[in-house]
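Take a look at the letters that make up each chain.
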Amino acid sequence: MDLRHLRYFVAVAEERHFGRAAERLHMAQPPLSQQIRQLEAELGVELLHRTTRRVDVTEAGRAYLERARAILADVDEAAHHARLVAAGSVGHLAIGCVGSATYSLLPALSRRLSEELPGVDFSFRGEMLAPDQVEALRTGAIDVALLRPVAADLSLTVHTLRRDRLVVAVPVDHRLARRKRLRVADLAGADLIVHSADRRSVMYDVVLGLLRDAGVEPHIRHEVGETSTLVTLVAGGLGVAVVPEPVTALALDGVAYLPLAGADARVELAVAHRPDRSEPHLARTVGIIRAAF
């Protein structure tokens, strides 16, 4: 017995006529009759009661018809689902976002992904530092990361999306807030709020590298884990912070953002995933993210 026998039987049972069933199946009537008899012989029961004028479905045939329809429907649904999976149209993906991408990019990106891949169940984790994202990718806690690339990490497939300018977040009543733009040297003596060194933040290394290259001794007053907390402390007058330009989407009262002059005052934003992940819906998601930039 195979699926063909089930389809033949369902057609005859529904049409109650071998000729019409054969026409529906695009085959000759004698082979159809022979296939139905083979099916009955294999089952050891009579499914159809034949007369010269009509075909009736027996009690056993009605029970078999109900199950046969369900089996064929499941097979058709399985085939449809397999095609959707192959096309990358269904699945589940968890995306982790660095803080600045959480505010400036995630609203539009989540909408775009939902519109282009409505069958994919997306979940998002915001305010993740790059080292935490890398670890989450390795363990499978997230599938895709929008991050500030960790230098020389060969364990991931990384595509640079853009290089964001750096700006300085300052309290509106700070002495530096009167300036139109700042140089790194202007930060000498200022209380700094930075991302945590203990959590191996990429921005921590970037900021201290800028200060070191400019010969500025850093005066770090606060270290925080989340970008939103960092900007909130700036709004509270507790110091200044160097952040990627997309953080300006956090338009908190009491904070002014000033451009930071210098050709090297930029930081990369990238999309990353594990190289051993080749699911079609992951590839389509990464493609959509890259196309958005």
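In the annotation of an unreviewed UniProt entry, the protein is listed under the name LysR family transcriptional regulator and assigned to Streptomyces flaveus. In its Sequence similarities (unreviewed entry) section, the UniProt record describing the protein reads: "Belongs to the LysR transcriptional regulatory family."

1. A closer look at the packing of helix α1 (residues 3-15) against helix α4 (residues 59-86)
Close contact between α1 and α4 brings their axes to 9 Å; oriented N to C, the two are set at 125°. Viewed along their axes, α1 and α4 adopt a mutual orientation that is oblique. Remark: the crossing between α1 and α4 carries left-handed chirality. Across the interface between the two elements, L3, L6, R7, F9, V10, A13 and E14 of α1 pack against G61, Y64, L65, A68, R69, I71, L72, V75 and D76 of α4. Residues that form the contact of α1 with α4 fall into these classes: 11 nonpolar, 1 polar and 4 charged.

2. Considerations on the packing of helix α2 (residues 18-25) against helix α3 (residues 29-43)
In contact at an axis separation of 9 Å, α2 and α3 are set at 105° when each is read in the N-to-C sense. The angle between α2 and α3 falls in the class roughly perpendicular. Facing α2, whose interface residues are F18, G19, A21, A22 and L25, α3 presents Q29, L32, S33 and I36. A per-class count over the contact of α2 with α3 returns 6 nonpolar, 3 polar and no charged.

3. Focus on the nonpolar core
Here is a general trend for soluble globular proteins: nonpolar side chains tend to be buried in one another's company. One finds L166, V168, L187 and L260 to be the most contacted residues of the largest nonpolar core, which totals 24 residues. Mapped by element, the contributors of at least two residues to this core are β6 (157-171), β7 (191-195), α8 (202-213) and β10 (255-259). Sorting elements by how many residues they give to this core places α8 first, with 6 residues. Contacts of L166, omitting those with residues within four sequence positions, involve M203, V206, L210, V242, V243, P244, P259, L260, A265, R266 and V267.

4. Points about the UniProt feature "domain: HTH lysR-type" (unreviewed entry) in the protein
When the UniProt feature table is mapped onto this chain, "domain: HTH lysR-type" (unreviewed entry) is found at residues 1-58. Along residues 1-58 one finds 62% helix and 10% strand; the C-alpha atoms at either end are 20 Å apart.

5. Quick notes on empty space enclosed by the protein
With the rule as written, the count across this model stands at 1 cavity of 30 Å³ or more. Estimates place the volume of the largest cavity at around 100 Å³. What lines the largest cavity is a set of 13 residues, among which V98, L129, R148, H195 and M203 lie closest to the centre. Contributions of two or more residues to the lining of the largest cavity are made by α5 (99-104) and α8. In terms of residue class, the lining of the largest cavity is built from 7 nonpolar, 5 polar and 1 charged.

Cut-offs and rules
Residues numbered from 1 in each chain as written. Predicted model: local features only at pLDDT ≥ 70, side-chain atom pairs only at ≥ 80, totals over all residues. Heavy atoms only, no water. UniProt positions renumbered as here; feature names shortened; annotations may be inferred. Axes fitted to C-alpha atoms, helices over the stretch in contact; angles between N-to-C directions. Helix = DSSP H or I, 4+ residues; strand = E, 2+ residues; numbered from the N terminus. Parallel < 35°, antiparallel > 145°, perpendicular 65-115°, else oblique. Left-handed = near helix turned anticlockwise from the far one by under 90°. Contact = heavy atoms within 4.5 Å. Nonpolar A, V, L, I, M, F, W, Y, C, P; charged D, E, K, R; others polar. Core = buried A, V, L, I, M, F, W, Y, C linked by side-chain atoms within 4.5 Å. Buried < 20%, exposed > 50% of the residue type's maximum accessible area, 1.4 Å probe, protein only. 1 Å grid on protein atoms, 1.4 Å probe; cavity = no way out; pocket = protein on both sides within 12 Å on 5 of 7 lines; lining within 4 Å. Points joined across faces, edges and corners; volume = space filled by probe spheres on them.

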